[in-house]
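Below are the chains, spelled out letter by letter.
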Amino acid sequence: MKFTNCWKNMIYVNKKSADSFFVKNFEKNGTNFKFVDENTDFIENSKNNIYITPENNTFVHRCPATEIYRCCNYYVVDMMEGCPFDCTYCILQEYLNHIFIKVFSDTKKVKEEILALAKKGKYRLGTGELSDSLAYDHILNLTDFFIPIVNKLENIQFEFKTKSANITKLFNYNPKNILISWSLNPEEIIKTEEYYTAGLSERIEAAGKCADYGYKVCFHFDPLIYYKNFEKGYSDLLRRLFDRIPEDSVEYISISTFRFMPNLLETVRNRFEHSTLLQSSYVKSLDGKMRYFKTLRTYMLRFITSKIKSEWQNVFIYYCMEHESIWKKLLGYDPGERKEFEKNFPFFHQNGQL
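Overview of the structure. The structure presented is a predicted model; accordingly, all values stated were derived computationally and were not measured. Numbers given to residues run from 1 along each chain, matching the order in which its sequence is written. Note on the predicted model: pLDDT of at least 70 is required for a residue's local features to be given, and 80 or more for side-chain atom pairs to be given and counted; whole-chain, interface and lining totals, by contrast, use all residues. To obtain the side-chain values, all non-hydrogen atoms of the structure were used and water was disregarded.

**Concerning the nonpolar core**
The term nonpolar core refers to a set of buried residues drawn from Ala, Val, Leu, Ile, Met, Phe, Trp, Tyr and Cys, joined through side-chain atoms within 4.5 Å. Burial here depends on accessible area, computed with a 1.4 Å probe over protein chains only, as a share of the maximum for the residue type. Under 20% is buried, over 50% is exposed, and the range in between is partly exposed. Judged by nonpolar contacts, the single largest core of 106 residues is most densely connected at Leu140, Phe219 and Phe221. Residue contacts are counted whenever heavy atoms from the two residues lie within 4.5 Å of one another. If near-sequence neighbours (up to four positions away) are discounted, Phe219 is found in contact with Trp182, Leu184, Ala207, Leu241, Ile245, Val250, Tyr252, Ile253, Ser254 and Trp312. Listed in part, the 6 residues of the second largest apolar core include Cys83, Phe85, Leu92 and Leu96.

Spelled out as structure tokens, the structure:
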């Protein structure tokens, strides 16, 4: 059974968050909300519900990884947990104990942690690990919070990752230090595996509008999903992307195949019995996650990489959490670990800096 999502949101605010950035915006914009006490048991566990909480958290941290697979040293800021979309492969099904959207109201601490990171050096930072960065931007106004902070910092490049086309508020700002990125899959995969998300045409057009405005855009082919029409589906996707997006607007592209902790597949069987994910075979990899067999994985990565390079020769492509042997075989080099890896990104070559 799938979650229903009619986008009629109920917003609950912990009374201790009464003076927060969010409440001020709700009152300014005429957004309905309800104050509640510490007990959240009465809140329906629905993707349509948003809960603003004063809970403490470590907001800015390095993206988790293992030493076995190459990691790009990306940092994330987790100010929100939960997503209104319902992708069959989403790890949040196993990671979170709730499906309502939890939003942390301590914006002062979030800002402090971002500024502290900037003082340590040059970093790529973004949202979208435990939520979609823009899906609820028209309600939560997080671009209004993050962008003014980041655009005063020379050491931070900030990325909003999304599967939405909710970009209206982005055009109120200078795109200086901001990247907007989209996770992409063929239309048939979006329809069968990425419920409630924007369609492929909507995502590409949103990316095009952001590029036209002056934002650098990124694309994440992650997870690549193998299915009967893999070659045709991804070829058609890329052709549409090439036709709308100018190469010099693309900051980078990440590619990686579907991978998951073993217990996720049982959840997929229970919730999405017709999922394409159930039609493939998997093997446990070195980090304990299940992946396609290496021969198939290598084929998929090579196919997408060669298609992109045939049109966009100068765009930086990287593999997310892949073994050094894959890098050497398909790209001809080993990017190294974390800080060595990240030196390949365009951000670390701006103004002749490395």
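And the narrative resumes.
**Regarding the side chain of Thr276**
The numbering of helices and of strands both runs from the N terminus, where a helix is a DSSP run of H or I of at least 4 residues and a strand a run of E of at least 2. The topology assignment puts Thr276 in the loop between helix 9 (264–271) and strand 16 (283–284). Thr276 sits in the buried class, given a relative accessible area of 11%. Setting aside residues up to four positions removed in sequence, Thr276 forms contacts with Ile189, Thr192, Glu193, Ile225, Tyr226 and Tyr227.

**Comments concerning the packing of helix 7 (residues 200–213) against helix 8 (residues 230–244)**
Packing of helix 7 against helix 8 brings their axes to within 10 Å, and their N-to-C directions diverge by 25°. In terms of orientation, helix 7 and helix 8 fall into the roughly parallel class. In terms of crossing hand, the pair formed by helix 7 and helix 8 is right-handed. Residues Leu200, Ser201, Ile204, Glu205, Gly208, Lys209 and Asp212 of helix 7 form the contact with helix 8, whose own contacting residues are Leu237, Arg240, Leu241 and Arg244. Just so you know the grouping, Ala, Val, Leu, Ile, Met, Phe, Trp, Tyr, Cys and Pro go in nonpolar, Asp, Glu, Lys and Arg go in charged, and all remaining residues, Gly too, go in polar. Looking at side-chain class alone, the contact of helix 7 with helix 8 contains 4 nonpolar, 2 polar and 5 charged residues. Each axis is a line fitted through C-alpha atoms, and for a helix only the stretch in contact is used; angles between axes span 0 to 180 degrees, taken between their N-to-C directions. Angle categories: roughly parallel below 35 degrees, roughly antiparallel above 145, roughly perpendicular from 65 to 115, and oblique for all the rest. Two helices crossing with the near one rotated counterclockwise from the far one by less than a right angle form a left-handed crossing, whereas a clockwise rotation gives a right-handed crossing.

**Some points on the environment of Ile326**
Following the sequence through the fold, Ile326 ends up in helix 11 (residues 324–331). Once the C-alpha coordinates of Ile326 and Asn57 are considered, the two residues, 269 residues apart in sequence, prove to be 36 Å apart.

**Observations concerning the pairing of strand 11 (residues 178–183)**
A large share of strand 11 lies buried, amounting to 6 of its 6 residues. Covered by surrounding structure in strand 11 are Ile178, Ile180 and Trp182 together with Leu179, Ser181 and Ser183, the residues of both alternating faces. Pairing between strands is defined by DSSP: at least two bridges between the two strands are required. Note: strand 11 against strand 13 (residues 216–224), 5 bridges, orientation parallel. Directly across from Ser181, in strand 13, lies its bridge partner Cys218.

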